[in-house]
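# Structural overview
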Amino acid sequence: MTVDATSSSAPESFEGLRDRILERRDQFPKRLAQVARFALESPDDMALNTVAEIAGKADVQPSTLIRFAQSLGYSGFSDLQQIFRSRLRDRWPDYAERLQGLRSTSADEGGPVHLLDGFAQTAMDSLLRLRERVSEPDLNAAVDLLAGAKTVYILGQRRAFPVASYLAYAFGKLGIRFILLDNLGALLPEQAGFIEPDDALIAISFTPYTPSTVEMTTLIGRRGVPILAITDSAFSPLAPIAKVWLEVAETDFGAFRSLAATLCLAMALAVATAEKRAGA
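Given the structure is predicted, the values throughout are model-derived calculations rather than measurements.

How each quantity is defined
- Residues numbered from 1 in each chain as written.
- Predicted model: local features only at pLDDT ≥ 70, side-chain atom pairs only at ≥ 80, totals over all residues.
- Heavy atoms only, no water.
- Helix = DSSP H or I, 4+ residues; strand = E, 2+ residues; numbered from the N terminus.
- Buried < 20%, exposed > 50% of the residue type's maximum accessible area, 1.4 Å probe, protein only.
- Core = buried A, V, L, I, M, F, W, Y, C linked by side-chain atoms within 4.5 Å.
- Contact = heavy atoms within 4.5 Å.
- Pairing = 2+ DSSP bridges.
- Salt bridge = Lys/Arg side-chain N within 4 Å of Asp/Glu carboxyl O.
- Phe/Tyr/Trp six-rings, centres within 6.5 Å; stacked < 30°, edge-to-face > 60°.
- Axes fitted to C-alpha atoms, helices over the stretch in contact; angles between N-to-C directions.
- Parallel < 35°, antiparallel > 145°, perpendicular 65-115°, else oblique.
- Left-handed = near helix turned anticlockwise from the far one by under 90°.
- Patch = residues over 30% accessible without salt bridge, like charges linked within 9 Å, V, L, I, M, F, W, Y side chains within 5 Å.
- Areas by Shrake-Rupley, 256 points an atom, 1.4 Å probe, with all protein chains shown as cover.

## A word on unusual backbone geometry
- Put simply, threonine 207 and proline 208 share a cis peptide bond, and its omega is -10°.
- Following the sequence through the fold, proline 208 ends up in the loop between strand 3 (200-204) and helix 12 (211-222).
- Positive phi, normally seen in glycine, also occurs at aspartate 59, with a value near 60°.
- Here aspartate 59 shows up in the loop between helix 4 (51-58) and helix 5 (62-71).
- Overall, the relative accessible area of 58% leaves aspartate 59 in the exposed class.

## Things to note about the nonpolar core
- Ile21, Phe68, Leu80 and Leu201 are the most contacted members of the largest nonpolar core, which totals 48 residues.
- It is helix 2 (residues 30-41) that provides the largest number of residues to this core, a total of seven residues.
- Residues in contact with phenylalanine 68, not counting those within four places in the same chain, are Ile21, Phe28, Leu32, Val35, Ala36 and Leu80.
- One finds Ala164, Ala170, Phe206 and Leu269 within the second-largest nonpolar core, a separate group that totals 33 residues.

## Digging into the environment of aspartate 144
- Looking at the element boundaries, aspartate 144 is found in helix 9 (residues 136-147).
- The class for aspartate 144 is partly exposed, based on a relative accessible area of 41%.
- As for aspartate 144 and alanine 272, which are separated by 128 residues in sequence, their C-alpha atoms are 9.3 Å apart.

## Points about the pairing of strand 5 (residues 244-247)
- By the alternation rule, side chains of strand 5 split into Val244 and Leu246 and Trp245 and Glu247, which are all buried.
- Here four bridges tie strand 4 (residues 227-231) to strand 5, and the two strands are oriented parallel to one another. The residue bridging isoleucine 230 from the neighbouring strand is leucine 246, located in strand 5.

## A short note on the pattern of salt bridges
- Under the definition given, this model contains seven salt bridges.
- With a shortest N-O distance of 2.7 Å, arginine 133 and glutamate 247 are connected by a salt bridge. Placement of the pair is arginine 133 in helix 8 (residues 111-133) and glutamate 247 in strand 5, with a sequence separation of 114 residues.
- Owing to a relative accessible area of 15%, arginine 133 belongs among the buried residues under this scheme.
- A network of salt bridges, in which partner residues are shared, links Arg18, Arg133 and Glu247.

## Regarding the packing of aromatic side chains
- Under the counting rule described, the total for this entry stands at three aromatic pairs.
- With 5.7 Å between their ring centres and 70° between their planes, phenylalanine 14 and phenylalanine 84 make a pair best called edge-to-face. On the criterion of sequence distance, the pair formed by phenylalanine 14 in helix 1 (residues 14-23) and phenylalanine 84 in helix 6 (residues 77-90) is long-range, its members being 70 residues apart. A single burial state applies to phenylalanine 14 and to phenylalanine 84, both of which are buried.
- A centroid spacing of 5.7 Å and a plane angle of 50° characterise the contact between phenylalanine 28 and phenylalanine 68, whose relative ring orientation is tilted. On the criterion of sequence distance, the pair formed by phenylalanine 28 in the loop between helix 1 and helix 2 and phenylalanine 68 in helix 5 is long-range, its members being 40 residues apart. In terms of burial, phenylalanine 28 and phenylalanine 68 fall into one category: buried.

## A look at the packing of helix 10 (residues 161-173) against helix 13 (residues 260-279)
- At their nearest, the axes of helix 10 and helix 13 sit 10 Å apart, and the two run at 25° to each other. In this view, helix 10 runs roughly parallel relative to helix 13, as classed from their interaxial angle. The two elements helix 10 and helix 13 cross, and the hand of that crossing is right-handed. In contact with Pro162, Val163, Tyr166, Leu167, Ala170 and Phe171 of helix 10, helix 13 contributes Thr262, Leu263, Ala266, Met267 and Ala270.

## Regarding a nonpolar patch on the surface
- A surface patch of nonpolar side chains, about 310 Å² in accessible area, is lined by Leu115, Phe119 and Phe256.
- Tracing the chain through its elements places leucine 115 in helix 8.
- For leucine 115, a relative accessible area of 42% puts it in the partly exposed group.

Structure representation (structure tokens):
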């Protein structure tokens, strides 16, 4: 028996829907989990595209979208889609959308200026999304975790390495004791061998998640070390093993993802941690 979308069991706001999906993330069958991940990572696509287009992007059958909607208490996919469309109606146009409107009237669509405009738009979109997705309670919890640690260990490889390197630089300049787990000489296990429960680990990884980062973070978590994860989805393998996790979903231009929002978050964490320690 399906439940009507107006029923109290069906979320009536995007925030409620997002909370419901997060609550059930470990209960969804494989294909429904695939849709759930896509829905949270690409809410604009869920609002604006057809069932066939969404199914193609999520790599599932259209019928899976209907089953996903019904599993959340909606009578069908169109009722679920209305929640995503309401989210768009209720927000002000962001600067990325305004810039896109300006670019659509531009006659010059090629060359380095086109690339610069595209990457700038991507960075602005990422920064505005960061402000929407990182809540004050989560940010405060992250700062408290870092401020209370004896030593902050930092782990981020491949695309996440520039962020880890920046955090190491900032912590050093701000007088915060840190160790960068850079895996130099393939010595990551040895570098992490001295971490203790009164320390903290910042683990940074994004889709596709770096296996060694996930594996090492899991091992460190089992030793009782509090973990702050910076990642891009509630379905990230880092999220369930972290004491606190912060969501950064960078947009891309030509398949090149920005790091603007992640570096902005890293800067805020470093300075806020220093301020917290100074006031302790």
